[in-house]
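The lines below spell out each chain.
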Amino acid sequence: MLYVFLILVLIPIWFVLRGLRGSILTKDVRTDDRVFFGRIRHDIMFEGETIAFRLDEVVDILGIEPQPEGKFKYVVHSKVVDGTFVLDEDEIEVRPRPGQ
């Protein structure tokens, strides 16, 4: 009876904590005030065959990496190729999140 009780209590708790891992337990950079959206300035190819980003596509910026020359690199995710890329200021137009 004790094992059944533990299973009925611990398994749902484990699933809840597992689901919260991406939002509460680890910081989600997309909820940070410094996070922006971006608009792609031109088509960007992946491995010369697939278009990873299309002109005027709106993407979430997952991170911002300052560069020594004073420019920034923006970490974005492509849904088409399911991969994360680093784009520079010439490839993406950065916009503040609505309401900022």
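Anything mentioned here points back to the structure above.
Residues numbered from 1 in each chain as written. Predicted model: local features only at pLDDT ≥ 70, side-chain atom pairs only at ≥ 80, totals over all residues. Heavy atoms only, no water.

**Some remarks on a nonpolar patch on the surface**
Part 1 of the argument: There is a patch of nonpolar side chains on the surface, built from Leu2, Val4, Phe5, Leu8, Val9, Leu10 and Ile13 and spanning about 670 Å² of accessible area.
Part 2 of the argument: By secondary structure assignment, the location of Ile13 is in helix H1 (residues 2-25). (Patch = residues over 30% accessible without salt bridge, like charges linked within 9 Å, V, L, I, M, F, W, Y side chains within 5 Å. Areas by Shrake-Rupley, 256 points an atom, 1.4 Å probe, with all protein chains shown as cover. Salt bridge = Lys/Arg side-chain N within 4 Å of Asp/Glu carboxyl O. Helix = DSSP H or I, 4+ residues; strand = E, 2+ residues; numbered from the N terminus.)

**So, the environment of Gly63**
Part 1 of the argument: For Gly63, the location among the structural elements is in strand E4 (residues 58-66).
Part 2 of the argument: Separated by 13 residues in the primary sequence, Gly63 and Val76 have C-alpha atoms spaced 7.4 Å apart.
Part 3 of the argument: Once residues lying within four places of it in the same chain are set aside, the contact partners of Gly63 are Lys73, Tyr74 and Val75. (Contact = heavy atoms within 4.5 Å.)

**Observations regarding the side chain of Arg39**
Part 1 of the argument: Take Arg39: it is sitting in strand E1 (residues 36-40).
Part 2 of the argument: With residues near it in sequence (within four places) discarded, Arg39 still touches Asp56, Glu57, Glu91, Ile92, Glu93 and Arg95.

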